[in-house]
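# Residue-level structural notes
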Amino acid sequence: MEPDHDQAAVGGPGAGEILSEALPDSGRIVLLLTTPRTAPGLLTFAAWEKLRAADAVLAADPDPAWLEAFAAAGVVPLDVAGLGVGERAGRLVEDASAGRELVWWGSDDGDPGLTDALAEHLSRRAVAAVPPEVEVLTGSYDLPGARLLDLVSVMDTLRSPGGCPWDAEQTHTSLLPYLLEEAHEVIEAVESGDPAHLQEELGDLLLQVVFHARVAEDGAGFGIDDVAADIVAKLVRRHPHVFGDATAGSAADVEVSWETLKAAEKSGRQGFEGIPATLPALAKAQKMLGRLTRAGADVDQAIEQAAKGDELAAALLRLVALARVSGEDAEAALRSALGRMVPPGQ
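The rules we used
- Residues numbered from 1 in each chain as written.
- Predicted model: local features only at pLDDT ≥ 70, side-chain atom pairs only at ≥ 80, totals over all residues.
- Heavy atoms only, no water.
- Helix = DSSP H or I, 4+ residues; strand = E, 2+ residues; numbered from the N terminus.
- Buried < 20%, exposed > 50% of the residue type's maximum accessible area, 1.4 Å probe, protein only.
- Contact = heavy atoms within 4.5 Å.
- pLDDT = per-residue confidence, 0-100.
- Phe/Tyr/Trp six-rings, centres within 6.5 Å; stacked < 30°, edge-to-face > 60°.
- Lys NZ or Arg CZ within 6 Å of the ring centre and 35° of its normal.

Across its full length, the chain holds 17 helices and 5 strands. Dimensions of the chain, computed from the C-alpha atoms along their principal axes, are close to 95 × 60 × 40 Å. Residues counted as buried form 29% of the 346 residues belonging to the chain. Taking contacts inside the chain between residues at least 6 apart in sequence as the whole, the part at least 24 apart equals 66%.

Written as structure tokens, this is what we have:
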């Protein structure tokens, strides 16, 4: 069974109380809640003590890796995968009723229907005798970001033999339209101010990153862990005021430091190298003008040379330069204005 934070908060006594509490004559059923995103063997102290001290541990098709961890601790679960949910609950109540303590090792799917079936069997038992106590114990917790492991696992299943034929056929090139579309939809969601919409669109964009990383495993020789490791290293390297001895008194100081470190890392880069050719024209112009400014070039002269007498082009570039000097995003400003434009007939 997978832990729920609310459930864990009311899950019962602390570790010391759990270990010292006497077993009632009616027996006890311990529902051990764990997260499938925990590496085999990583449980709380109280959970391992319960498993080792139990008269029996029941589980339904436990993971082989966990069976190895159990065996190392001297725990041998009884696999009741062949029993239906109602029969599993009945087995727990019956075996615990003789004054024994049983631990139920929850399944990755959360054991749907088990608690309802258990409540029914306990109610029946209460008619004739005192039923076993039921204790809920949280044995492991998700760390922030743990759900990303689920996404990686699902994506791997979709791309693996027996998965989805469409997903298996995709390449970096075939996925590009979706990457571009999802990025634009995230922008739209941000500008809409709707948190639920943004959450959904960020998930769609995240899928594209994980999808590309999984495709790379089949040919490029890197995967999602390599992608994550690279960006973590870059963030640490470019934030010496956080992870090192440097200081930064303001956001402006951070930006200057970032650009300096970036320039040092890209010391072999020349001209406008590194500015994506597919950027929208306004965004691309702003980056190019920024590159010229940081290089100490005469921006006005560069604009005149680029325009080649085209007054419209020159005017557009000057507006982009003005936006940059003002700290504005020309692309975002125009997009915002277009969003406010009233359609004809309204």
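Predicted confidence across the chain gives a mean pLDDT of 89, with 94% of residues reaching 70 or more. When the criterion is pLDDT under 50, residues 5-20 qualifies, and its contacts beyond four places in sequence or with other chains add up to 15 contacts.

So, about the packing of aromatic side chains. If you walk through the whole model with that rule in mind, you get 6 aromatic pairs. Plain terms: the ring middles of phenylalanine 70 and tryptophan 105 are 4.9 Å apart, the flat faces sit at 90° to each other, and that makes the pair edge-to-face. Within this pair, whereas phenylalanine 70 is found in helix α4 (residues 64-72), its partner tryptophan 105 is found in strand β4 (residues 101-105), the two being separated by 35 residues in sequence. The class of phenylalanine 70 is buried, set by a relative accessible area of 0%. Residue classification places tryptophan 105 among the buried positions, given a relative accessible area of 5%. Ring geometry for tryptophan 166 versus tyrosine 178: centroids 5.9 Å apart, planes at 80°, classification edge-to-face. In this pair, tryptophan 166 sits in helix α8 (residues 165-169) while tyrosine 178 sits in helix α9 (residues 172-192), placing the two residues 12 residues apart along the sequence. For arginine 238, the ring lying beneath its charged end belongs to tryptophan 258, and the centroid distance is 4.9 Å.

Although it is not a glycine, aspartate 61 sits at a positive phi angle of roughly 55°. Of note, aspartate 61 is situated in the loop between β2 (56-59) and α4. With a phi angle near 50°, aspartate 111 is a residue other than glycine that sits in the positive phi range. Following the sequence through the fold, aspartate 111 ends up in the loop between β4 and α6 (114-128).

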